[in-house]
Amino acid sequence: MKNTYQLSSFTLLLLLLSQISFAQRKAKPNPLKEAVIASVDQRFESLTDLSDRIWSFEEIAFQETQSAEALSDYAEQLGFKVTRGVAEIPTAFVAEYGSGKPIIGILGEFDALPGLSQNKVPYKSPLNEGNPGHGCGHNLFGVASLGAASAIKDLIESGEIQGTVRFYGTPAEEKFFGKLWMVRAGLFDDVDVVMDWHPSAETKTAVQKGLALVDFQVEFYGQAAHASSDPWNGRSTGDALELYTTGINYYREHIKPTVRIHYHIQDAGKVVNVVPDYSRIWVRVRDSSREGLIPVWKRVEAMAEGAAIMANVDYKVSLISGVHEVLVNRTGSAALQKNLESLGPISYTAEEQDFAKKIQEATGKPQIGLVSKIEPMEETAEHSMGGSTDVGDVSWVVPTIRLSATTAPNGTPWHSWAVVASSGMSIGHKGMAYAAKALSMTMVDLFENPELVESVKNEFKEKKGDYVYKGFVPDGPPPINSNLQ
Ligand SMILES: [Zn+2]
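Given the structure is predicted, the values throughout are model-derived calculations rather than measurements.

## Examining the overall build of the chain
In terms of helices and strands, the chain carries 14 helices and 11 strands. At 26 Å, the chain has a C-alpha radius of gyration in line with the 23 Å of a compact globule built from 485 residues. Oriented by its inertia axes, the alpha-carbon framework of the chain measures out at about 110 × 50 × 50 Å. Here the chain holds 485 residues, and 55% of them are scored as buried. Nonlocal contacts in the chain, meaning residues at least 24 apart in sequence, comprise 81% of its contacts between residues at least 6 apart. Split by element, the accessible area of the chain, about 21,100 Å² in all, is 54% carbon and sulfur.

## Considering the sheet that holds strand β11 (residues 400-406)
Overall, mixed pairing links the 7 strands, which are arranged β1-β2-β4-β3-β5-β11-β6 in an open sheet. Each edge of the open sheet is held by one strand with a lone partner, namely β1 (81-84) and β6 (204-205). Sheet contacts for helix α9 (residues 330-343): β6 and β11; angle to β11, the most-contacted strand, approximately 30°.

## As for the packing of helix α3 (residues 44-57) against helix α5 (residues 138-157)
Packing of α3 against α5 brings their axes to within 8 Å, and their N-to-C directions diverge by 150°. One way to sum up the angle between α3 and α5 is to call them roughly antiparallel. Like other packed secondary-structure pairs, α3 and α5 cross with a definite hand, here right-handed. Across the interface between the two elements, Leu47, Leu50, Ser51, Ile54 and Trp55 from α3 touch Asn139, Leu140, Val143, Leu146 and Gly147 from α5. Partitioned by chemical class, the residues of the contact of α3 with α5 number 7 nonpolar, 3 polar and no charged.

## A word on the pattern of salt bridges
Counted by the stated rule, this structure contains 25 salt bridges. Between lysine 437 and aspartate 41 there is a salt bridge, and its shortest N-O distance comes to 2.8 Å. Residue lysine 437 is found in helix α13 (residues 426-448), and its partner aspartate 41 is found in helix α2 (residues 31-42); the two are separated by 396 residues along the sequence. Here glutamate 109 makes a salt bridge to lysine 179, at a shortest N to O gap of 2.5 Å. Taken together, the positions of glutamate 109 in the loop between β3 (103-108) and α5 and lysine 179 in helix α6 (residues 179-184) put the pair 70 residues apart, joining distant regions of the chain. For glutamate 109, a relative accessible area of 1% corresponds to the buried category. Residues joined by salt bridges that share partners form a network here, namely Arg43, Lys153, Asp154 and Glu157.

## A short note on the environment of leucine 71
Along the chain, the position of leucine 71 falls in helix α4 (residues 65-77). Residues leucine 71 and serine 51, spaced 20 residues apart in sequence, show a C-alpha to C-alpha distance of 9.2 Å.

Cut-offs applied
- Residues numbered from 1 in each chain as written.
- Predicted model: local features only at pLDDT ≥ 70, side-chain atom pairs only at ≥ 80, totals over all residues.
- Heavy atoms only, no water.
- Helix = DSSP H or I, 4+ residues; strand = E, 2+ residues; numbered from the N terminus.
- Rg over C-alpha atoms; globule rule 2.2 N^0.38 Å.
- Buried < 20%, exposed > 50% of the residue type's maximum accessible area, 1.4 Å probe, protein only.
- Contact = heavy atoms within 4.5 Å.
- Areas by Shrake-Rupley, 256 points an atom, 1.4 Å probe, with all protein chains shown as cover.
- Pairing = 2+ DSSP bridges.
- Axes fitted to C-alpha atoms, helices over the stretch in contact; angles between N-to-C directions.
- Parallel < 35°, antiparallel > 145°, perpendicular 65-115°, else oblique.
- Left-handed = near helix turned anticlockwise from the far one by under 90°.
- Nonpolar A, V, L, I, M, F, W, Y, C, P; charged D, E, K, R; others polar.
- Salt bridge = Lys/Arg side-chain N within 4 Å of Asp/Glu carboxyl O.

So, in structure tokens, the structure goes:
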């Protein structure tokens, strides 16, 4: 009895020792990950400068000429092979370094939003009244991704890893969804895995699907007449527009809670004493999945005919573009999660927390400051809500791993002056550097472990099933010079 007891204590001790040595092995730093962290730190100043320049360019969808050039030049100077003006989009580009497999891609956006120009202060104060502003933090987005790609480039250059790193300069995410045409052009066809991130008020692996979406335009054509002398000669496109939106708004009672319908009236006549003969409306329909979206889209589209019949006018429906919901890759996200846990949260100075709290005060939110603690990886909801992204389309052609990193105060409105302000100062810069580190560390995992790439791909294939991807894009070139601008 005593012997048995001694034996089990001995076994326990052995077990304990092996656990300790396992823990030590686990905690042992990966030199390549340390190297990418050092790369990002070493380039911090030039990355910050690049991000601030893009912030001050304030360029919107398809007009991001200076921003695309600044990012391309930065990559070219580091030795990347840059191909500008891809997919028939002057501001879309690809910067590549290395050769052979694996090919790991990373996405970088850089467009601003109209009307949000803002100074780097914690209260509303336009920098250039009426100009666009980086209310989604895309100035940080593009630069962090290029920073991550540059850190990987260093390792390929020194021969420590083999393969190709490819940065995608992806314009017009806020309007039109530029990635759709880049996917259509086959630019992602040979890529093994794509990394992506987005500025946020939290730091976590992004494992929700977002919403599928379609944008289309309805134009009504009527007959102008004097609004009082001979209104009987008029066929009003204003009437058609009102009847159309009334139809849409009645339909809201009969849609699923996952559906969203928005519209923006772009032209409703010019003056009160003329019966309008031309009207235009931009309609957007969303649902948590592509399958759910399509029947709602077709119904809202069909209502245009009903409105045209009632107002006795002609009509035309044109597809603008649309995006898929994201195909989430949990295998890849789990690798990213480990790197977030090893990096830990971003630390802030008292001044930064104070800046954040002032923004929260100015926008009527609880003054909790900045939140960057690393949460456990969430479950992926069957029907997630929130916004939509053209990263969704990339995720249906190549497995995509996504990150959210804190760049703005918690709880304050997104797409607002508050985000523009923090994206142009140290709070944003810290989030940018953090994202560059987390992304490049995960890319190290992908370059070092072919088995990881294989399991990421297997999950992708399994989830995609036999669906053959087809983007919601009309034939012909992207709408760079269309009347939609
Ligand atoms: Zn965004």
